[in-house]
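Breakdown of the fold
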Amino acid sequence: MEAADEWLLQSLRLYRDLHTFELQAPTRLIEWARGDRVCVAGYGQSDGNEILQLIPPPTLLTKETQGLCPERDFKVECGGFSERPVYSLKYVPDTSLLVTSGPPDSSLQVWQVSAEDSDVIKSVSTIATENGTGQSWAKIDTISARAPWVLHGSRLDRVQITEVESRKNVYTAGIQAPQGSEELSSLAFLDCNLLLLCSATGRLCLADTRQPQGLTEAVPAPSVPSSEHWCMGTRHAAQGSQPSSQPVARLSSRGLLALTDLRKTSEFLAVAKARVPSPGSGAEFLCVSWAPALEGYLAVSGFDGTVHVYDTQSWDSSGREAEPIFVHKGHTFGGAGGSRDPPLVTVHTWHLQKPRTLLSAASDGSLHVWDWVQPCGKCG
């Protein structure tokens, strides 16, 4: 308790705002939904995995910090149960739909978030995939630029875009070379035409839906042991800019961070080593994400019970260890789970408008939202 008490005392000066919420089961997903709601989902429970839509604390719903607020908890607005573990969840923009995926195959589940007169999130359809049996769970991303689409796949040799409501396949691409059998670790819409994929070995591939002949390899991963597992994080392009102008961050299970400009893939923008345990506790929960409202800032988690925030603007290609500007340690002091093992951060995400506000979840069921104090006043 002494360490926890010390952290709570430190939080008074290190955090501008801090909220905690205890869920009933380990959570590996956080997704912003319409109306500034938050969707979370559980994994690995034998008797059903919860999918919840939460109303954040009122301080998160205001554009400016309003000081002390009497109501500091998340509230459950609606929820449902999935019979399978939920390993990925995405809200479909401009709709009331969610798409999830998880073992034992690469099929997708579509959910309807009910209207205000109901508190139920109900399953409405399943998107089956060709040769999906026996393949690992599908990584997914969603967009509604032309229609509600979901981008999904589990390997480089078959990546699809499916229209969510009709379940019609609208695009298929894949590498047919030996590399095509590589497992996908991450994928993303850069816009309604450009897709970016990252394999577990760190290979980046670009695809253009207007050129259905296949994928183009953008750049391989830095030269590292073959046992390394990689994931990626992309940043949404600013209005008026090209999506390919936004840097891509890749994170390895050894804590290596590689930044790439897709317009010039022959070299890395920067390479650095995150200050995390090495090797990590596994690749299952690796997470790297760009701050949407802070230029050059990214966060890293999945190695232990912490979330590290870095300012990449001074990085070079040396691969030196980087100094985090902030470390969130709140999950390391336990939560509702009561497990003997130290909690592991399973996911984090940035608030879309508040520059230094993040949400993080851990294997003990704890959900935190926090806003750190910038000591040097760089970030407004």
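For every chain, the first residue of the written sequence is number 1, and numbering continues from 1 onward in sequence order. The predicted nature of this model means local features are confined to residues of pLDDT at least 70 and side-chain atom pairs, given and counted, to a pLDDT of 80 or more, with totals for whole chains, interfaces and linings taken over all residues. Note: side-chain values were computed over all heavy atoms of the structure, leaving out hydrogens and water.

The protein chain is annotated in an unreviewed UniProt entry as WD repeat domain 73 from Junco hyemalis.

1. Quick word on the packing of aromatic side chains
Counted only if it meets this: For Phe, Tyr and Trp, rings pair up if their centres lie within 6.5 Å, where Trp contributes its six-membered ring, and each pair is then called stacked (planes under 30 degrees apart), edge-to-face (over 60) or tilted (otherwise). Strands here mean DSSP runs of E at least two residues long; helices mean DSSP runs of H or I at least four residues long; both are numbered from the N terminus. Burial classes follow relative accessibility: with a 1.4 Å probe on protein chains only, a residue under 20% of its type's maximum area counts as buried, one over 50% as exposed, and anything between as partly exposed. Lysine NZ or arginine CZ positioned within 6 Å of the ring centre and within 35 degrees of the ring normal marks a charge as sitting over the ring.
Taken as a whole and judged by the stated rule, the model has ten aromatic pairs. With a centroid separation of 5.8 Å and 20 degrees between ring planes, the pair formed by phenylalanine 326 and tryptophan 372 is classed as stacked. In this pair, phenylalanine 326 is assigned in strand E25 (residues 326-328) and tryptophan 372 in strand E28 (residues 366-372), connecting sequence segments 46 residues apart. Across this residue pair, the class does not change: phenylalanine 326 and tryptophan 372 are buried. The rings of Tyr15, Phe326, Trp350, Trp370 and Trp372 are connected pair by pair, giving a single aromatic cluster. Cation over ring: arginine 28 sits above tyrosine 87, and NZ or CZ is 4.1 Å from the ring centre. For lysine 139, the ring lying beneath its charged end belongs to tryptophan 137, and the centroid distance is 4.1 Å.

2. Focus: the state of the cysteines
Simply put, disulfide is the name for a covalent bond between the sulfur atoms of two cysteines. The condition is simple: Cysteine sulfur atoms that come within 2.5 Å of each other are treated as a disulfide pair.
Per the stated rule, a full pass over the model turns up zero disulfides. Cysteine 39 carries a free sulfur, and the closest cysteine sulfur to it, the one in cysteine 78, is 7.3 Å from it. Taking relative accessible area as the criterion, cysteine 39 reaches 0% and is therefore assigned buried. No disulfide involves cysteine 198; its sulfur sits 7.1 Å from the nearest other cysteine sulfur, which is in cysteine 231.

3. Describing the sheet that holds E25
Stated formally: DSSP-based pairing: two strands are paired if at least 2 bridges between them are found. Every axis in this analysis is a line fitted to C-alpha atoms, fitted for helices over the stretch in contact. Angles between the N-to-C directions lie between 0 and 180 degrees.
In spatial order, the strands read E22-E23-E24-E25; together these four strands make up an open sheet with antiparallel pairing. Pairing within the sheet leaves two strands with one partner each, and these edge strands are strand E22 (287-290) and E25. Neighbour to neighbour, the strand axes of the sheet diverge by 20 degrees on average, direction disregarded. Across four bridges, E22 lies against strand E23 (residues 297-301) in antiparallel orientation. Bridge pairing links valine 288 to valine 300 in E23.

4. Focus: the sheet that holds strand E19 (residues 248-252)
Within a beta sheet, neighbouring strands are joined by backbone hydrogen bonds and run either parallel or antiparallel to one another. If you walk across this open sheet you meet the four strands as E18-E19-E20-E21, and the pairing is antiparallel. Bordering the open sheet on either side are strand E18 (230-234) and strand E21 (270-273), each of which pairs with just one other strand. Recorded for the sheet is a direction-independent mean angle of 20 degrees between the axes of neighbouring strands. The sheet contact formed by E18 and E19 spans five bridges and is antiparallel. Counted as the bridge partner of tryptophan 230 is serine 252 from E19.

5. Some points on the nonpolar core
Note the following rule: Nonpolar core, defined: a set of buried Ala, Val, Leu, Ile, Met, Phe, Trp, Tyr and Cys residues in which side-chain atoms within 4.5 Å join the residues together. Whether two residues are in contact is decided by their heavy atoms, any of which lying within 4.5 Å being enough.
Leu251, Leu257, Val288, Leu298, Val300 and Trp315 are the most contacted members of the largest nonpolar core, which totals 18 residues. Counting residues per element, the ones that place at least two in this core are E19, strand E20 (256-260), E21, E22 and E23. Tryptophan 315 has contacts with Leu257, Leu259, Ala270, Ala272, Tyr310 and Ala322, leaving out every residue within four places of it along the chain.

6. Topic: the pattern of salt bridges
Put simply, the rule reads: We define a salt bridge as a contact between a side-chain nitrogen of Lys or Arg and a carboxyl oxygen of Asp or Glu at a distance within 4 Å.
Per the counting criterion, the structure on display carries 16 salt bridges. For the salt bridge of glutamate 323 with arginine 275, the shortest nitrogen-to-oxygen distance reads 2.7 Å. On the criterion of sequence distance, the pair formed by glutamate 323 in the loop between strand E24 (307-311) and E25 and arginine 275 in the loop between E21 and E22 is long-range, its members being 48 residues apart. Since its relative accessible area comes to 38%, arginine 275 is described here as partly exposed. With its nearest N and O atoms 3.9 Å apart, the salt bridge here joins arginine 356 to aspartate 371. Residue arginine 356 is found in the loop between strand E26 (345-350) and strand E27 (357-362), and its partner aspartate 371 is found in strand E28; the two are separated by 15 residues along the sequence.

7. Brief notes about unusual backbone geometry
A cis amide bond links proline 103 with the next residue in sequence, proline 104, at an omega value of 15 degrees. On the secondary structure map, proline 104 appears in the loop between strand E7 (97-101) and strand E8 (108-113). Positive phi, close to 65 degrees, is recorded for aspartate 94, a residue that is not glycine. By secondary structure assignment, the location of aspartate 94 is in the loop between strand E6 (88-91) and E7.

8. Observations regarding the pairing of E27
E27 sits mainly inside the fold: six of its six residues count as buried. Of the two faces of E27, the one carrying Thr357, Leu359 and Ala361 and the one carrying Leu358, Ser360 and Ala362 are both buried. Bridge count for E26 against E27 is five bridges, and the pairing is antiparallel. When the sheet's bridge partners are listed, histidine 348 is paired in E27 with serine 360. From the end of E26 to the start of E27, which pair antiparallel, there are six residues. Looking at chain direction, E27 and E28 are connected through five bridges and run antiparallel. Residue pairing in the sheet places alanine 361 in a bridge with leucine 367 of E28. Connecting E27 to the next strand, E28, in antiparallel fashion are three residues, including glycine 365 with a positive phi near 90 degrees.

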